[in-house]
Amino acid sequence: MTPEEVAAIEVQFASEEDVTEAVGSALTRAGLTLEQLREQARQSRFSSERARTAWFVISPFVARA
Amino acid sequence: MPAPELETRAREFAASASDRLNRTVTHGVRLSAVITPNGTMILGCGVTPRNFEPRCIPLTLGQKRPSAFLWLAYVLKMDPEQRYLAVAKSSFNLYLDADLEQMVFHYDYERAPAHGYPPAHFQVAGDARELSAIAEERGYSRKQLKDFHFPVGGRRYRPSLEDVIEFLVLEDIADAREDWSDVIQEGRTDWEDKQLRAAVRRNPEAALAQLREDGVI
């Protein structure tokens, strides 16, 4: 890859508000509540592919304390 | 780690994966990255600060109808020493459609999974009469092939993106560019080197013992 191509890679910073919005959007697309998705993740048996991919991207931000 | 440094690391990682894909089985793919306030990074095709879910990548080298779709995503974090970028999670998924309705298989890795299955595992759609028979015999009447988590190499030696690309080409699931094999080898060498270095960092005594035994030190 040329330096120009590397420079063209988009890297953006998210705020806390953005993260909250991203988590909410993923849950909406999956059609599940956070608790429902969390339970599916615990069993690693998801009701849909949307649910599985949603968990993949939001799990780092919704871990229990 | 300062934000500009994180940005550089994320950009390099995304550029490297994009390059690997475009020199083998895709055309014009550009992965992007989002860096969150706690330093966790999400990488995938089309991720933005308010949408962490990547788009599928069509497996085609041009205008031809894609033979399938690849969904790939990484969650990256700095290692505990704040020196190296580490993959906290990765997922390489193959679908028949861009809407994620028809999954073919997926390779998943999660350093600290919420479930009790292997951190690196493989799941595949389809029917397996023999496995279903065992599951049913043991009281799991609705367990399907896709519900089985086949272990694949553990945390350190799990399959890489290069391994998945190689599978797609060798099994003729995707068209490939002429020198795809060289690209895969280049990426694999890089991956194996990084994994070996990480293994040595986590277990220097074993590495030193082997080097002593071989007379290197």
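Each remark here, short or long, concerns the structure printed above.
Residues numbered from 1 in each chain as written. Chains lettered and ligands numbered in written order. Predicted model: local features only at pLDDT ≥ 70, side-chain atom pairs only at ≥ 80, totals over all residues.

Engineer: Explain the packing of helix α3 (residues 34-43) of chain A against helix α4 (residues 49-58) of chain A here, please?
Structural biologist: Angle between the axes and distance between the axes: these two values describe a pair of packed helices. All names here are of chain A. Here α3 crosses α4 at 90°, and the two axes come no closer than 10 Å. In terms of axis orientation, α3 runs roughly perpendicular to α4. Here α3 contributes Leu37, Gln40 and Ala41 to the contact with α4, which in turn contributes Ala51, Ala54 and Trp55. Looking at the contact of α3 with α4 residue by residue, the class counts come to five nonpolar, one polar and no charged. (Axes fitted to C-alpha atoms, helices over the stretch in contact; angles between N-to-C directions. Helix = DSSP H or I, 4+ residues; strand = E, 2+ residues; numbered from the N terminus. Parallel < 35°, antiparallel > 145°, perpendicular 65-115°, else oblique. Contact = placed C-beta atoms within 7 Å. Nonpolar A, V, L, I, M, F, W, Y, C, P; charged D, E, K, R; others polar.)

Engineer: Would you take a moment to explain the pairing of strand β6 (residues 103-110) of chain B for this structure?
Structural biologist: Residues in a regular strand project their side chains so that they alternate between the two faces of the sheet. All names here are of chain B. Counting buried positions along β6 yields six of eight residues, so the element is predominantly enclosed. Where strand β5 (residues 85-95) lies against β6, seven bridges are found, and the strand directions are antiparallel. Looking across to β6, one finds that phenylalanine 92 is bridged to tyrosine 107. In the sheet, β6 pairs with strand β7 (residues 120-124) via five bridges, with the strands oriented antiparallel. Across the sheet, tyrosine 109 pairs through a bridge with alanine 120, a residue of β7. (Buried ≥ 20, exposed ≤ 12 C-beta atoms within 10 Å, placed from the backbone. Pairing = 2+ DSSP bridges.)

Engineer: In this structure, what is going on with the nonpolar core? I would like to understand it.
Structural biologist: Among soluble globular proteins, nonpolar side chains are generally buried collectively. Formed by 60 residues in total, the largest nonpolar core has its most connected members in B:Ala10, B:Ala14, B:Ala33, B:Ile42 and B:Leu43. Among the elements that line this core, the one with the most residues is strand β4 (residues 69-78) of chain B, at eight residues. Beyond its immediate chain neighbours, meaning those up to four positions away, B:Ala33 contacts A:Val11, B:Ala10, B:Arg11, B:Ala14, B:Met41, B:Ile42, B:Leu43 and B:Val47. (Core = buried A, V, L, I, M, F, W, Y, C linked by C-beta atoms within 7 Å.)

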